[in-house]
Amino acid sequence: MEGNAPRQTELNEILNNALKLRGLSLQEVATLLKVENNEDIQKIMNVAHRVKEAIYGKRLVLFAPIYTGNVCCNNCTYCSFRKDNHLIERKILSMEEIEHETSSLLKQGHKRVLLICGENRKNDTDYMCEAIRRVYAVKEHNGRDYIRRINVELAPMEVEDFHKLHQQKIGTYVCFQETYDAELYKRFHPAGTPKANYEYRLTVMDRAQEGGINDVGIGALLGLGDYRFEVLAMVEHAKHLEDCYGVGPHTVSVPRMEPAIGAPDSEHIPNKVSDEDFKKLVAIIRIAMPYTGMILSTREGAKMRNELINYGISQISAGSKTNPGAYSETKEQHTGSQFSLSDERSMEDVINSFIDEGYIPSFCTGCYRKGRVGEDFMDLAKPGLIKQYCLPNAIFTFQEYLNDFASQETKEKGEKLIKQMLQEYDQKQLIPKIEDNLCQINQGQRDIYF
């Protein structure tokens, strides 16, 4: 990327503009990506912190992926699931096995899941629609616990397939472009239909919108191409969606490449992103797309994840496994993972660390179920009104977790944090209703939300 780093006056002007919570132009993003000085990077991160606090407050959404299969017809050079890799055991879960995975996650306290699989004709839209129905149907603890929201990360499909998914009441449809560099895309995707088709993948979100999907999630696999180009492309992709459909992406994901068995490019990452550059790009995306949720997976270690929740990340996986059947399997039945995990902490350990950072772990799904999605969500988010729902709903779901799943030590820490949050909450008129709902939860009521 050509050009010198911005002068202090230009940098300060861009960062002051970012604090208006209107996002940044592509040129402003490009300018920030040229910053290399550590002090100036910290300035960007400090502004990202203020933007995140203004939009999301002190809450952090938790979820877990369910891998329904690792059989794949593609040959992506960075992924263990690629068809020419003979070093892993392959499996496509039956519906009963998907139910067992769901049950295992419910017993940990999860309420939100991401369904994901390798691309294969056996994992077609009808299979995934049935999987969604099965996941929603699983109940635990005498029917009190069930998955309240399912997001899906699936291969590109046609408009009629998206109509089918929409009928199953999914949350967000997620699909990563992997790399927005068309030439590099050909190199890393030598085979597989339609994965090898760059344009078909690039236009998938347009078909999703046309198929009735309210919320979509974009992303790039950082390490394939120049991270600066990928960030600019994601920002431009978001602008395209907003210009054409009235709403940008609901989420953006920023996975960095990790080693994967039998995937040559994962062992020698073509354009490795340093920790410092990674922090910078997360902060830049946050201020460029202030109302877009940012997702960080267990590819990153605990230290990095704990740090980045302060500078942009708003959704994070916990207790994740990336191989089909992993949550309920025995040691003798281990299938191949998609990539190596860096954060292998348990759900409760992750939650404890976030409590220590002053964040309310949230399992909230209230906006989806109240119809606050797509444009309706953005209409509330942009003027800052969504926060009046977000923090109370996060607190309600967190209190459920503390009552039903947490150790006594975690419960005491968590309830202390809830009390502190309510003392600092600026919507004083809502506090009596919040406290009444918390009393109902402590008496056994579940699934309360504004």
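Draft legend 1. Representation of the side chain of Asn151 within the structure. Residue placement: Asn151 occurs in strand β3 (residues 149–153). Setting aside residues no more than four positions away along its own chain, Asn151 makes contact with Arg112, Val113, Leu114, Leu115, Gly171, Thr172 and Tyr368.

Draft legend 2. Region of the structure containing the side chain of Glu230. With respect to the helices and strands, Glu230 occurs in helix α10 (residues 227–245). Despite its burial, Glu230 pairs with no opposite charge; the closest candidate is Arg228, at 11 Å N-O. In this view, Glu230 contacts Thr179, Tyr180, Asp181, Ala220, Leu222 and Gly225; residues no more than four positions away in its chain are not counted.

Draft legend 3. Spotlight on helix α2 (residues 26–33). Taken across its eight residues, α2 has six buried, putting it largely inside the fold. Of the residues making up α2, those classed as buried are Glu28, Val29, Ala30, Thr31, Leu32 and Leu33. The inward-facing, buried residues of α2 contact α1 (8–18), α3 (38–56), α10 and α12 (275–288).

Draft legend 4. Local environment of unusual backbone geometry. Backbone geometry at Leu21 places phi at a positive 65 degrees, although glycine is not the residue there. Along the chain, Leu21 turns up in the loop between α1 and α2. Even without being glycine, Lys169 reaches a positive phi, approximately 60 degrees. Assignment of secondary structure puts Lys169 in the loop between α6 (159–167) and β4 (172–174).

Draft legend 5. Structural view of the state of the cysteines. One pass over the structure, following the stated rule, counts zero disulfides. We note that Cys175 lacks a disulfide partner, and the nearest cysteine sulfur, in Cys76, lies 11 Å from it. Here Cys390 is not disulfide-linked; the sulfur of Cys367 is the nearest cysteine sulfur, at 5.3 Å. Among the residues examined, Cys390 registers a relative accessible area of 9% and is labelled buried.

Draft legend 6. The arrangement of the nonpolar core in detail. Core analysis: the biggest nonpolar cluster contains 124 residues, and Leu165, Tyr173, Val254, Phe278, Leu281 and Ile287 have the highest contact counts within it. With residues near it in sequence (within four places) discarded, Ile287 still touches Leu15, Ala18, Gly23, Leu24, Leu32, Ile44, Val47, Ala48 and Val51. Formed by twelve residues, the second largest nonpolar core is a distinct cluster that contains Cys72, Cys76, Cys79 and Met257.

Draft legend 7. Inspection of the environment of Gln440 at higher detail. As for its placement among the helices and strands, Gln440 is situated in helix α19 (residues 431–442). By relative accessible area, Gln440 is classed as partly exposed at 28%. Along the chain, Gln440 and Ala196 lie 244 residues apart, while their C-alpha atoms are 53 Å from each other. Leave out the neighbours within four places in its chain, and Gln440 touches Gln445 and Ile448.

Draft legend 8. Focus on the environment of Ala238. Within the secondary structure, Ala238 is located in helix α10. C-alpha of Ala238 to C-alpha of Thr251: the two residues are 13 residues apart in sequence and 9.9 Å apart in space. Aside from chain neighbours lying at most four places away, what touches Ala238 is Ile218, Gly248, Pro249 and Met289.

Draft legend 9. Structural context of empty space enclosed by the protein. Counted by the stated rule, this structure contains two cavities of 30 Å³ or more. Here the largest cavity defines a volume of roughly 280 Å³. Taken together, 22 residues line the largest cavity, and the ones lying closest to its centre are Arg59, Val61, Arg112, His250 and Phe377. Contributions of two or more residues to the lining of the largest cavity are made by β1 (59–67), α15 (366–370) and α17 (387–404). What lines the second largest cavity is Arg148, Cys364, Thr365, Gly366, Arg369, Asn393, Thr397, Asp447, Ile448 and Tyr449. Of all the secondary structure elements, the ones that give two or more residues to the lining of the second largest cavity are α15 and α17.

Draft legend 10. Broad picture of the pattern of salt bridges. Enumeration according to the criterion identifies 26 salt bridges in this entry. Across the pair Glu96 and Arg134 runs a salt bridge, and its minimum N-O distance is 3.8 Å. You can see Glu96 sitting in helix α4 (residues 95–108) and its partner Arg134 sitting in helix α5 (residues 125–137), a full 38 residues away along the chain. Accessibility expressed as a relative area gives 23% for Arg134, which makes it partly exposed. Residue Asp275 is joined to Arg256 by a salt bridge in which the shortest nitrogen-to-oxygen separation is 3.0 Å. Of this pair, Asp275 sits in helix α12 while Arg256 sits in the loop between β6 (251–253) and α11 (264–267), and the two are 19 residues apart along the sequence. With a relative accessible area of 42%, Asp275 lands in the partly exposed category. You can call Arg256 buried: its relative accessible area is 10%. Among the charged side chains, a salt-bridge network with shared partners connects Glu96, Glu99, Glu130, Arg133 and Arg134.

Definitions and limits used
Residues numbered from 1 in each chain as written. Predicted model: local features only at pLDDT ≥ 70, side-chain atom pairs only at ≥ 80, totals over all residues. Heavy atoms only, no water. Helix = DSSP H or I, 4+ residues; strand = E, 2+ residues; numbered from the N terminus. Contact = heavy atoms within 4.5 Å. Buried < 20%, exposed > 50% of the residue type's maximum accessible area, 1.4 Å probe, protein only. Lys, Arg positive; Asp, Glu negative; His and termini not counted. Salt bridge = Lys/Arg side-chain N within 4 Å of Asp/Glu carboxyl O. Disulfide = S-S within 2.5 Å. Core = buried A, V, L, I, M, F, W, Y, C linked by side-chain atoms within 4.5 Å. 1 Å grid on protein atoms, 1.4 Å probe; cavity = no way out; pocket = protein on both sides within 12 Å on 5 of 7 lines; lining within 4 Å. Points joined across faces, edges and corners; volume = space filled by probe spheres on them.

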